[in-house]
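Understanding the architecture of this molecule
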Amino acid sequence: MQDLDELYQLILDRKNNPKEGSYTDYLFTKGLDKILKKVGEESTEVIVAAKNDSDDEFVYEVADLAYHVLVLMADRGISVDQVKKELAEREGLMSKTKERRDIKDL
Ligand SMILES: N=c1c2ncn([C@@H]3O[C@H](COP(=O)(O)OP(=O)(O)OP(=O)(O)O)[C@@H](O)[C@H]3O)c2ncn1[C@@H]1O[C@H](COP(=O)(O)O)[C@@H](O)[C@H]1O
């Protein structure tokens, strides 16, 4: 069983100790543009899977996206703890919602 913290640590380890044949290493070697393209691609796959019936496919695509976002965070030097801290600061906040007019009503 691997949680997001453990996966992030593994990704950081790949960044600091490149391993031949590693897909994570391949992404870091290719660089930011490649990582961003993968995040975009995996986001689209999540959206398409979300509208289809298969929960398994949706979960699979969300996991793919989560992995690639963690690689992007590692590349940008952002830790999982920083995101956790940001989420914690939002805890208990009252969300501000406002009705927006539909474009057709403008
Ligand atoms: N969670 C993942 C994970 N999710 C997705 N992927 C890879 O992401 C790729 C996405 O598939 P695609 O078909 O979109 O991409 P591709 O055609 O293989 O490659 P591209 O040229 O398009 O980038 C696949 O090669 C998957 O293996 C992952 N690769 C690694 N991990 C984790 O990272 C750990 C370290 O992996 P290595 O770095 O490979 O040792 C693994 O043990 C896993 O826990």
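Description of the structure in this document. (Residues numbered from 1 in each chain as written. Predicted model: local features only at pLDDT ≥ 70, side-chain atom pairs only at ≥ 80, totals over all residues. Heavy atoms only, no water.)

1. Some points on the overall build of the chain
As a reminder, the rule being used: Starting at the N terminus, helices and strands are each numbered in turn, a helix being any DSSP run of H or I of at least four residues and a strand any DSSP run of E of at least two. The atom set for the radius of gyration is the C-alpha atoms, and the globule formula is 2.2 Å times the number of residues raised to the power 0.38. Only protein chains enter the accessibility calculation, which uses a 1.4 Å probe; a residue whose area is less than 20% of its type maximum is buried, one above 50% is exposed, and one in between is partly exposed.
Of the regular secondary structure elements, the chain holds five helices and zero strands. Helices and strands in the chain line up, N terminus first, as α-α-α-α-α. Relative to a compact globule of 106 residues, whose C-alpha radius of gyration would be 13 Å, the chain shows 17 Å and is clearly more extended. Overall, the chain is about 55 × 35 × 30 Å in size when its C-alpha atoms are taken along their principal axes. Buried positions account for 25% of the 106 residues belonging to the chain.

2. Digging into the site of the ligand
We apply this condition: Being near a molecule or strand, for a residue, means having at least one of its heavy atoms within 4 Å of it. Any pair of nitrogen or oxygen atoms within 3.5 Å is treated as a polar contact; in protein, a donor-acceptor pairing is required on top of that, and neighbouring residues in sequence qualify only through side-chain atoms on both sides. The method behind every accessible area is Shrake-Rupley, applied with a 1.4 Å probe, and residues are considered shielded solely by the protein chains displayed. The classification used treats Ala, Val, Leu, Ile, Met, Phe, Trp, Tyr, Cys and Pro as nonpolar, Asp, Glu, Lys and Arg as charged, and all other residues, Gly among them, as polar.
The immediate surroundings of the ligand are formed by 15 residues, with Arg14, Ser22, Thr24, Tyr26 and Lys38 found nearest. Contact distances for the ligand include 3.2 Å between an oxygen atom and a side-chain N or O atom of Gln2. Ser22 places a polar side-chain atom, nitrogen or oxygen, 2.5 Å from an oxygen atom of the ligand. Burial of the ligand by the surrounding chains reaches 57%, relative to a free accessible area of 830 Å². Looking at the shell around the ligand, the elements that each hand over two or more residues are helix 1 (4–16), helix 2 (23–30), helix 3 (32–51) and helix 4 (55–76). When residues in the shell around the ligand are grouped by element, the largest group, four residues, is from helix 3. Partitioned by chemical class, the residues of the shell around the ligand number five nonpolar, four polar and six charged.

3. Section: helix 3
Under the convention used in this document: In this analysis, the expected span of each helix is defined as 1.5 Å times one less than the number of residues it contains. Here the arc refers to the directions that run from the helix axis out to each C-beta atom. By definition, residues are in contact when any of their heavy atoms lie within 4.5 Å.
Taking 1.5 Å of rise per residue, the 20 residues of helix 3 would be expected to cover 28 Å, and the 29 Å separating its terminal C-alpha atoms lies within 8% of that figure. Burial in helix 3 covers these residues: Ile35, Lys38, Val39, Glu42, Val46 and Ala49. For helix 3, the angular spread of buried residues about the axis comes to 100°, placing them on one side. Across helix 3 from its buried face, at more than 90 degrees, point the exposed residues Asp33, Lys37, Ile47 and Lys51. Packed against the buried residues of helix 3 are helix 2 and helix 4.

4. Quick word on the nonpolar core
Buried together is how nonpolar side chains tend to be arranged in soluble globular proteins. Formally: Working definition of a nonpolar core: buried Ala, Val, Leu, Ile, Met, Phe, Trp, Tyr and Cys residues. They are joined through side-chain atoms within 4.5 Å.
Tyr8, Ile11, Phe28, Ile35, Tyr67, Leu70 and Val71 are the most contacted members of the largest nonpolar core, which totals 16 residues. Only helix 1, helix 2, helix 3 and helix 4 provide two or more residues apiece to this core. With seven residues, the top contributor of residues to this core is helix 4. Those residues in contact with Phe28 that sit more than four places away from it in its chain are Ile11, Lys15, Ile35, Val71, Ala74 and Asp75.

5. Re the packing of aromatic side chains
As a reminder, the rule being used: Pairs were defined over the aromatic rings of Phe, Tyr and Trp, the Trp ring being its six-membered one, requiring ring centres within 6.5 Å. Orientation was assigned from the angle between planes: stacked under 30 degrees, edge-to-face over 60, tilted for the rest.
Across all of its chains, the model carries two aromatic pairs by this definition. Centre to centre, the rings of Tyr23 and Tyr26 are 5.4 Å apart; their planes meet at 35°, and the pair counts as tilted. Highlighted residues: Tyr23 and Tyr26, both in helix 2, separated by three residues, approximately one helical turn. You can call Tyr26 partly exposed: its relative accessible area is 34%. Measuring from centroid to centroid gives 6.2 Å for Tyr23 and Tyr67, while their planes differ by 35°, and the two rings are tilted.

In short, the description is geometric, and any link to function would need to be established separately.
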